[in-house]
Structure formats: C-alpha cells, structure tokens
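Summary of the model geometry
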Amino acid sequence: MNVDDISQVTVLGAGNMGHGITEVVAIAGYDVVMRDIEQDLVDDGYESIKWSLEKLSEKGIVSEDPETVLDRVDTEVDLETAVSDADLVIEAAPEQMEIKKDIFSDLDEFTPKDAILASNTSSLSITEIATATSRPEQVVGMHFFNPPVKMDLVEVIYGGETTDETAEATYEFVESIDKTPIYVRKDVNGFVVNSVLGPFSDEAAWMVSEGVADIEEVDAAMVHRRGYPMGPFELSDLTGIDIGYHVRKEAGRDIPPIVQEKVDAEDLGQKTGQGYYDYEDGDGTTYEAGQGEDVDTLRIEARIINEAARLIGNDVATADAIDTGMRLGAGFPEGPCRRGDKIGLDAVLEKLETLHEEYDHERYEPSEHLRSLVESGKTGEEAGEGFYDYGGDGGERHYSTIEYELSEDGLLEVTLDRPERMNALNDDLMDEVVHLLDNSDLDEVRAVTFEGAGDRAFSAGADITGFAGREPYEAAITEFFEVVAEYPRPTLAKIDGFCLGGGHELALACDLRIATEGSEFGFPEINLGLLPGGGGTQRAMRMLSDARAKELVFRGEHISAERAQNWGLINRAVPESEFEETIEEFLDDLVYGAPIALQKAKRVMNVGRDQDLEAGLELESQAFGHLLATDDMQEGAAAFMEDREPEFEGK
Ligand SMILES: C/C=C/C(=O)SCCNC(=O)CCNC(=O)[C@H](O)C(C)(C)COP(=O)(O)OP(=O)(O)OC[C@H]1O[C@@H](n2cnc3c(N)ncnc32)[C@H](O)[C@@H]1OP(=O)(O)O
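Residues numbered from 1 in each chain as written. Predicted model: local features only at pLDDT ≥ 70, side-chain atom pairs only at ≥ 80, totals over all residues. Heavy atoms only, no water.

For the chain, the name recorded in an unreviewed UniProt entry is enoyl-CoA hydratase, with Halosegnis longus as its organism. Within the UniProt record for the chain, the comment given under Pathway (unreviewed entry) is "Lipid metabolism; fatty acid beta-oxidation." (UniProt positions renumbered as here; feature names shortened; annotations may be inferred.)

Dropping the structure here:
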C-alpha cells in the first residue's frame with residue numbers, strides 16, 4: 001500500500017481524539033467513517049465535529065463550508081461495516097491493551113488484506129498490539145496530539161515488524177492531511193515526545209523534593225528565564241499528577257517524594273481542584289516573572305538533552321525529528337538538540353557527571369551518544385558542530401527555523417518555518433536568515449521571496465516568549481532587518497495571514513509586498529509596552545502619511561489587506577485564488593530582469609530616499625552612467641531592436 005492507494009479512511013472512536021482525527025482527515029478531502037460502540041457516542045462526536053468546523057470556517061481557517069466537509073463523514077456502530085472498505089484504519093479507542101488487541105484482531109478479520117492498521121496510542125506498545133493480527137508488518141503507530149485540529153504533530157511509530165512501506169505510506173498520509181510527521185523508528189516507551197518530556201517534570205520534582213528550590217521558583221525560571229510555555233509543575237497539574245506517577249511506576253523508576261505526597265493526598269492537579277497549585281479556592285498558578293533567579297535550570301535541561309541524545313544513539317529518532325517533535329508536540333521554544341548545541345554539550349555532560357557523582361543515580365548517567373559527541377569535539381554551535389552542523393570544518397550549516405530553495409533561474413525562496421508560533425521571529429531565525437543571505441552567491445541569486453510556513457501567518461512578530469530576561473543591551477535586532485533591506489537583489493514578501501510587529505517590519509524591509517485579501521497588518525507592540533523596534537516606526541513614516549503611520553503605531557490595531565493597499569503599504573491585495581499567479585507575474589520581471597540595473601535601481605532608490613533631491617539625483621546619474629557601459633544594456637537594446645525577449649547575464 002502506498003499513500004496514493006489510500007482514499008477511504010476509518011477512525012475507531014468518536015471521543016476527543018477520534019472525532020478530532022476524523023475532522024482533520026475529512027478537512028483534507030478524504031472520505032471518513034467514524035465508528036464508536038454506541039450510537040450516542042457517535043452522534044456526540046459528529047456534533048462536536050460540526051461545531052468545530054463552524055468555528056474554523058468563521059475564523060477562515062477552513063475555506064470549504066462545513067456542510068461540504070461533513071458530507072465526507074459517515075458514522076457507524078457496526079465494526080465490520082465500518083472497516084470493510086477501509087484502506088487505512090486509525091484506532092483511537094481507550095488506552096487499554098486488551099481493548100486494543102480485541103479491536104486489532106477484529107480488524108485483521110474485517111479489513112481488506114492490504115489495509116494499513118494504525119493505532120493512535122500514546123503509551124502502549126505497537127509491537128504488542130500488532131501481535132493480535134496476522135499482518136504485524138502493516139501495523140503502525142500514528143500518534144496525534146490533543147486536540148488534533150490544532151496540534152500539528154503526528155508521531156509515526158514503527159512496531160517491531162512494521163515495514164518501511166507501511167511507515168512511509170503512513171508518513172506521507174500525515175503530510176497529505178497537512179500535519180507534520182516525525183518518524184519514531186523503534187517502539188520505545190513514551191515514543192519521542194513523552195520520553196523527552198519525562199525529565200522536564202521529573203527533575204523539577206526531585207529538585208523541589210530535595211529542597212533546593214520551591215515549586216513557584218522552578219516554574220517561574222523555566223517559563224520566564226528559559227521560555228517554556230508552562231512550568232513543569234503547572235504542566236503536571238494540567239496532565240494529571242497521577243499520569244506521570246503511573247508512567248514512572250510502570251517503567252520501574254523512583255518516585256520523587258513530592259509526587260508521592262500529592263498522589264497519596266489525591267491532589268492530582270486541575271481535575272481534582274488541587275495539585276501543586278490550588279484551582280478550587282485559589283486561581284491556579286501563582287508564580288511570577290522574577291522568581292527563580294537562582295534556580296539551576298541546567299539541571300532540568302541537561303536531563304532533557306541527555307534523553308534526546310539517548311534516543312538518537314539508539315536510532316529511535318534523528319535530532320531533527322526530536323526537535324520538531326518537541327516544538328510542535330510540547331510547545332518547546334526550541335528543540336532540546338538545538339538548545340544543547342547552544343548551551344554547549346560539554347557543559348551539559350559536565351552537569352550530568354556532577355549530578356551522577358553527587359546522587360549516584362542512573363537518571364543522571366550520561367548517554368553514550370552525548371559522551372561520544374563531546375569526546376569527538378562536537379560540543380555544539382561554538383565548536384562548529386554538535387547535534388547539528390553549523391558549518392564548522394566546511395560543513396553545510398543546518399537551519400532549524402527557516403527553509404530555503406534556490407531555483408536554477410535564481411529565485412531564492414525563504415520560508416520562515418515556525419508555524420507553531422505563527423512564524424514569530426526568534427534569535428535563531430533572524431540569525432539564520434542573515435547567515436543565508438550573507439553566504440548566498442550573488443551570481444546565482446536573482447530575486448528573493450519570504451513567506452511564512454503554515455496557513456495562518458506570514459509572521460506574528462518577534463517571539464514574545466523570548467523577551468523575558470533580556471537585557472536592554474541585547475535588544476539590537478535591527479541588523480536582521482537591515483541585511484534584508486540592503487540585500488542587493490529585489491526582495492518580495494508573500495503575505496498570507498497575520499503580518500504583525502517584527503513580521504510586518506520584515507515585510508516592510510522587503511522591496512515589494514503582495515498579500516492575500518484575508519491578511520492582516522499591524523504594529524501591536526504598543527500593547528506590550530514596546531514600540532516597533534525593527535525599523536517599523538521609521539519605515540512607516542517614510543512610506544505612509546504621518547497620520548497613518550502614527551495610527552498604526554499608537555493604536556496597535558490590525559488593518560485589513562485592502563486598507564494596507566489603499567494606504568500604499570503593500571503592492572497588491574488579491575483573492576487567495578490569484579495570489580500565486582500575481583506573485584509569478586512580479587517574479588517574472590524580477591528574476592529575468594536586468595540584474596545590475598535592478599541592483600542599482602534598488603540602491604539608488606533606498607539611499608536616495610533619505611537624502612535631499614540633489615544628492616539623490618547625483619546618485620541616480622552615476623548609476624545611470626555605469627549601466628550604460630554594461631553588456632546587459634547592449635543586450636536590452638539589441639533585443640528591443642530585434643523584437644525579442646532580452647537574456648540578461650548580469651554583466
Ligand atoms: C521588534 C519587534 C517586536 C515585536 O514584534 S513584538 C510582537 C508583536 N506581535 C504581537 O503582539 C502578536 C502576538 N500574537 C497575537 O496577537 C495572536 O497570536 C494572533 C492575533 C496573531 C493570532 O491569534 P490566535 O488566532 O488566537 O492564535 P494564538 O493562539 O494567539 O497563536 C497561536 C500560537 O502562536 C503563538 N504566537 C503568536 N504570536 C506569537 C509571538 N509574537 N511570539 C510567540 N508566540 C506567538 C501563540 O502563543 C500560540 O502558541 P500556543 O498554541 O503554544 O499557545
């Protein structure tokens with residue numbers, strides 16, 4: 001079976017995961033049967049899909065109308081009828097091995113022989129589930145995150161017998177429903193995301209149990225100093241303290257005393273009203289920025305990074321897969337491998353060794369892979385190589401927050417690739433764009449486009465989670481915008497969705513801007529007690545009237561693409577259906593236009609704008625004179641005379 005053979009999908013289970021997966025698959029255009037054991041359950045699931053589709057449609061996230069999507073969803077109670085035509089079955093039944101095995105045994109009997117049988121389990125062994133069938137090579141893990149409609153990640157897990165063909169078809173199917181798959185190549189407990197997440201809460205709990213920090217301090221430090229979306233205790237309260245407790249018990253791991261205390265008292269988190277924080281009489285979390293200045297956050301991060309290294313060393317997943325998984329599945333600001341490379345793997349190893357010596361416990365035992373990286377001098381970004389290659393020793397630099405492609409015609413397409421954060425600009429992303437542009441070969445590049453990954457945003461601005469703990473002297477971010485603005489080739493921003501704050505400033509640093517009609521523009525910085533610090537105040541004043549520029553900056557409101565076009569902030573606002581075509585038309589002129597003339601025109605216009613007319617005219621005149629002597633000018637004139645398209649070579 002390969003992905004093109006998949007047209008009919010059945011989802012087993014109409015609960016939160018089941019109906020969410022059904023909805024995602026139907027939105028992508030597949031026919032889906034959603035099955036549960038009782039009609040009431042199926043009806044509730046169907047209603048939930050309907051409600052959710054209406055919301056997504058109101059927000060413009062789903063363009064088809066809800067009824068059309070719902071037409072692709074059938075509901076069923078009888079298992080045999082539900083799966084008899086299925087090419088792919090995704091089981092999302094309760095997390096009990098016996099239930100799963102019964103289902104898979106029935107699936108083996110009722111589904112077509114070549115159907116792929118996937119389980120959405122988050123904690124059970126795929127290998128064991130597969131033993132209930134006579135075709136374990138077609139059984140695979142397909143772990144969605146909750147809620148499937150919002151969460152972009154799906155872990156594709158190999159069971160002991162899963163073939164590459166099955167895993168690849170599943171991986172490609174996940175891509176076809178607009179989700180991001182990562183391979184988990186061995187059926188390890190917790191797969192990737194939960195394995196790496198384990199030490200986050202575990203080490204925090206040991207630290208508090210030992211009295212080296214308190215709960216609020218640890219949560220504040222991890223959120224406000226290290227940029228995690230939640231503190232470890234806050235997260236445990238959300239997921240349920242008993243869940244982590246049972247995972248440790250089943251894996252035979254020691255239980256930190258503070259966890260044992262909470263479980264004994266049945267204070268299990270939000271669901272019982274009381275956990276590490278009080279949700280019944282209190283307002284939940286009580287930590288604040290500024291607390292936890294002395295917390296040793298490396299203790300927690302070293303264990304996370306060590307776990308990631310262990311997975312890589314055991315061939316469970318690549319560094320890239322782990323980092324993607326932790327960003328998309330757990331909301332980490334950056335993956336543990338990338339973070340480890342920044343901290344320095346030698347420092348991480350040293351921390352683990354010190355802890356190991358102090359506590360003599362296996363949880364601090366450095367993994368073989370981490371040791372071997374450090375021993376071979378691959379200690380991270382500063383050394384030029386760690387988990388990733390940073391271009392040390394002539395290697396090619398790995399980019400983790402952007403993607404790019406350079407076509408043969410010379411179009412360099414740059415994608416801001418942090419869709420889970422609306423492509424917010426963090427230090428890595430800005431650094432990677434600067435590195436890419438600084439190292440590009442101008443003989444090969446004729447024009448550059450910037451766009452955002454995903455379907456929600458060009459970019460929602462600078463990454464707000466990275467602001468905490470920043471010193472004023474670290475705030476100089478203009479280099480990034482200036483490198484874009486001064487790049488000697490024409491640049492074009494392809495804007496589809498939110499274009500805010502620093503994202504808006506990036507768009508303004510480009511020469512041209514084309515947007516879909518539904519896009520929104522704004523400088524919301526004022527609402528954060530900031531001002532646009534990436535050139536926005538200055539560029540807006542030069543591009544717009546005073547009144548309009550100040551309206552944008554002072555009010556912090558969004559404006560529509562139509563208004564942005566009327567104000568002259570963007571070149572075109574077009575319906576989504578005309579977006580790519582309009583861009584093609586522009587790029588045709590930029591990519592095949594006379595490169596030196598375009599370069600000179602850009603420079604003269606940018607530099608001349610900030611000078612008086614006389615100086616500007618002087619610049620223009622010098623550039624004009626220079627162009628008269630180029631081969632391109634000869635070619636342009638000859639093509640005109642011969643009534644043909646010119647072929648400029650940039651000479
Ligand atoms: C020098 C430059 C300075 C600046 O640029 S300062 C930043 C200026 N920008 C902003 O203030 C915009 C902040 N973002 C928003 O207002 C909203 O988002 C939107 C209106 C863009 C969209 O709202 P909705 O549709 O409700 O989505 P959602 O749940 O808020 O966002 C989805 C995920 O994206 C993360 N995110 C959005 N913008 C940023 C950002 N600028 N920095 C870091 N993360 C951001 C969110 O937190 C969330 O993430 P999760 O799903 O984990 O909760």
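1. Things to note about the UniProt feature "domain: 3-hydroxyacyl-CoA dehydrogenase C-terminal" (unreviewed entry) in the chain
The UniProt feature table records "domain: 3-hydroxyacyl-CoA dehydrogenase C-terminal" (unreviewed entry) at residues 190-279 and 299-390. Structurally, residues 190-279 comprises 60% helix and 0% strand, and the distance from its first C-alpha atom to its last is 28 Å. For the annotated span residues 299-390, helix accounts for 63% and strand for 0% of the residues, and the straight-line distance between the end C-alpha atoms is 25 Å. (Helix = DSSP H or I, 4+ residues; strand = E, 2+ residues; numbered from the N terminus.)

2. Comments concerning the site of the ligand
The full set close to the ligand counts 23 residues, and Arg-456, Ala-460, Ala-462, Ile-464 and Gly-502 are the nearest of them. With respect to the ligand, the side chain of Arg-456 contributes an N or O atom lying 2.9 Å from an oxygen atom. Here an oxygen atom of the ligand and a backbone polar atom of Gly-502 are 2.8 Å apart. Calculation on the ligand without its partners gives an accessible area of 960 Å², and the protein chains cover 69% of this total. Of all elements in the fold, only β14 (498-500) and α20 (501-509) reach the threshold of two or more residues within the shell around the ligand. (Near = heavy atom within 4 Å. Polar contact = N/O pair within 3.5 Å; in protein donor to acceptor, adjacent residues only side chain to side chain. Areas by Shrake-Rupley, 256 points an atom, 1.4 Å probe, with all protein chains shown as cover.)

3. Regarding the environment of Tyr-404
Note that Tyr-404 resides in strand β9 (residues 402-406). C-alpha separation for the pair Tyr-404 and Asp-417, spaced 13 residues apart in sequence, amounts to 9.7 Å. Sequence-distant contacts of Tyr-404, that is, excluding residues within four places in its chain, are made with Glu-396, Tyr-399, Leu-412, Glu-413, Val-414 and Leu-436. (Contact = heavy atoms within 4.5 Å.)

4. A closer look at the nonpolar core
Residues Leu-107, Val-218, Val-259, Ile-322 and Phe-387 are the most contacted members of the largest nonpolar core, which totals 85 residues. Considering each element in turn, this core owes the most residues, nine residues, to helix α13 (residues 297-313). With near-sequence residues (within four places) excluded, Ile-322 lies in contact with Val-192, Val-196, Ala-308, Leu-311, Ile-312, Ala-317 and Pro-336. Counting residues in each nonpolar core, the second largest holds 45 residues, with Leu-437, Phe-480, Cys-510 and Phe-523 among its members. (Core = buried A, V, L, I, M, F, W, Y, C linked by side-chain atoms within 4.5 Å. Buried < 20%, exposed > 50% of the residue type's maximum accessible area, 1.4 Å probe, protein only.)

5. Overview of the packing of α13 against helix α15 (residues 336-343)
Remark: α13 packs on α15, axes separated minimally by 9 Å, with the N-to-C direction vectors making an angle of 120°. Comparing their axes, α15 and α13 come out oblique. The element α13 and its partner α15 pack so that their crossing is left-handed. For the pair α13 and α15, contact is made by Leu-298, Glu-301, Ile-304, Ile-305, Ala-308 and Ile-312 and by Pro-336, Cys-337, Arg-339, Gly-340 and Ile-343, respectively. (Axes fitted to C-alpha atoms, helices over the stretch in contact; angles between N-to-C directions. Parallel < 35°, antiparallel > 145°, perpendicular 65-115°, else oblique. Left-handed = near helix turned anticlockwise from the far one by under 90°.)

6. As for helix α22 (residues 546-555)
Among the residues of α22, Ala-549, Leu-552 and Val-553 are the ones counted as buried. When α22 is viewed along its axis, its buried side chains cluster within an angular range of 90° and face the same direction. For α22, the exposed residues set more than 90 degrees away from the buried face come down to Ala-547 and Phe-554. Residues of α22 that are buried sit in contact with α20, β16 (520-522), α21 (536-543), β17 (558-560) and α23 (561-567). Two residues or fewer after α22 comes Gly-556, characterised by a positive phi angle close to 70°. (Arc of directions from axis to C-beta.)

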